[in-house]
Amino acid sequence: MSLPVPAPVRFLSSAAPGTRVVVRYRIEGGLTDALGHLLACDAGSCTVRTRQADVVIPLGGVVAAKEVPPAPPRRPGR
């Protein structure tokens, strides 16, 4: 008997590349979030392009994931 796939992993697996997402996942010492555009998702991991870098997240560590609205426009400098 196989274990059911957690809802956040189902969402990431079915989301289209380019969808803006936030993913909460386990790291050593706690949890962290990745906010950005989903680049890819396969059986073992997903990749999210954040402002700083592309983050590869093991699906086994994902505890929550959802689609988020587009980022607000950047404010002009002074």
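See the structure above.
Residues numbered from 1 in each chain as written. Predicted model: local features only at pLDDT ≥ 70, side-chain atom pairs only at ≥ 80, totals over all residues. Heavy atoms only, no water.

Q: Mind showing me how you'd approach the side chain of S45 here?
A: Inspection of the secondary structure assignment puts S45 in strand β3 (residues 45–49). Discounting residues that sit within four places of it in the chain, S45 has contacts with A40, V56, I57, P58 and L59. (Helix = DSSP H or I, 4+ residues; strand = E, 2+ residues; numbered from the N terminus. Contact = heavy atoms within 4.5 Å.)

Q: Any chance you could explain the pattern of salt bridges here in plain terms?
A: Side-chain pairing between opposite charges can occur once the charged atoms of the two side chains come close. This structure, assessed with the given rule, holds 2 salt bridges. Ionic pairing is found between D33 and R24, a salt bridge with its closest N-O pair at 2.7 Å. Where R49 meets D54, a salt bridge forms, and the shortest distance between an N and an O atom there is 2.7 Å. With relative accessibility at 45%, the residue R49 sits in the partly exposed group. (Salt bridge = Lys/Arg side-chain N within 4 Å of Asp/Glu carboxyl O. Buried < 20%, exposed > 50% of the residue type's maximum accessible area, 1.4 Å probe, protein only.)

Without other data, these values stay purely geometric and don't point to any function.
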